[in-house]
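Listed here are the chains, written in short residue letters.
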Amino acid sequence: MLSIRPEEDRKLREILTALCSESRAKVVFLIDKAGQLISRSDAPAYTSNDITFASLTAGNVAASEALSKLLGDKTLNHAFTETEDEGIYMSLLDGKLILVIIFEKFASNLGIIRVKLKKYRPLLEEIIHRIERKSEQEQQIGKEINFDDIDIDNLFE
């Protein structure tokens, strides 16, 4: 799971909100493959149970990836589901995160969504890579500390 600082979350929300606005979508989610909601666009008009939606989306993507492998494909790049009024477009970022765009079919369409996503995908991937590098550096610092050399009993005397 990604460890995101508030300033990184603000930047992610900024980009997701811009993508949502330009593509005329209702809401954009960024979810990890374990079903954890990472971030989302600011969309006050959209209400849902974000946690449940994130979990169900991750399950849907996992099932779609398994079907894709059964058909001989190595990866699943994107998936699309639609209801009578809405479309749900799911796209994988670096094979680790799921970007979900929900839109009303009368306001937008799959073509607009995919064109706008091409513009914002590199920005999102750049931020994600920066967060991952920071996490790796923080983990490395923890490995460099030799706790055997620290006298914990006398540390706070």
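Quick caveat, the model's predicted, so the values are computed rather than measured. (Residues numbered from 1 in each chain as written. Predicted model: local features only at pLDDT ≥ 70, side-chain atom pairs only at ≥ 80, totals over all residues. Heavy atoms only, no water.)

S.K.: Help me get a handle on the side chain of R40, residues and values and all.
M.R.: With respect to the helices and strands, the residue R40 is situated in strand β2 (residues 37–40). Owing to a relative accessible area of 13%, R40 belongs among the buried residues under this scheme. (Helix = DSSP H or I, 4+ residues; strand = E, 2+ residues; numbered from the N terminus. Buried < 20%, exposed > 50% of the residue type's maximum accessible area, 1.4 Å probe, protein only.)

S.K.: I'd like to hear about the pattern of salt bridges, residue by residue, with values.
M.R.: Pairing of side chains with opposite charge becomes possible as their charged atoms draw close. One pass over the structure, following the stated rule, counts 13 salt bridges. The salt bridge involving K11 is made with E14; its shortest N-O contact spans 3.4 Å. Note that K11 and E14 are positioned in helix α1 (residues 6–22) at a spacing of three residues, about one turn of the helix. On the accessibility criterion, K11 (36% relative accessible area) is partly exposed. Here D42 and R13 are joined by a salt bridge, their closest N and O atoms 2.8 Å apart. Of this pair, D42 sits in the loop between β2 and α2 (50–70) while R13 sits in helix α1, placing them 29 residues apart in sequence. Here the residues in one salt-bridge network are D9, R13 and D42, joined through shared partners. (Salt bridge = Lys/Arg side-chain N within 4 Å of Asp/Glu carboxyl O.)

S.K.: Before we move on, can you summarise the pairing of strand β4 (residues 86–93) with the specific residues and values?
M.R.: Most of β4 is tucked away, with seven of its eight residues classed as buried. As defined by bridge partners, strand β3 (residues 78–82) adjoins β4 across five bridges and the pair is classed as antiparallel. Bridge pairing in β4 places H78 opposite S91. Bridging between β4 and strand β5 (residues 97–104) involves eight bridges; their strand directions are antiparallel. Bridge pairing in β5 places L92 opposite I98. (Pairing = 2+ DSSP bridges.)

S.K.: Please set out the sheet that holds β3 residue by residue, giving values where relevant.
M.R.: Pairing within the open sheet is antiparallel, and its five strands lie in the order β2-β1-β5-β4-β3. Since the sheet does not close on itself, it has two edges, and those belong to β2 and β3, each with one partner. Geometrically, the sheet is characterised by an average inter-axis angle of 20° between neighbouring strands, direction not taken into account. This element, α1, spans β1 (27–32), β2 and β5 of the sheet and lies at about 55° to β2. Sheet strands in contact with α2 are β1, β2, β3, β4 and β5, and its direction is about 110° off that of β5. (Axes fitted to C-alpha atoms, helices over the stretch in contact; angles between N-to-C directions. Contact = heavy atoms within 4.5 Å.)

Without other data, these values stay purely geometric and don't point to any function.
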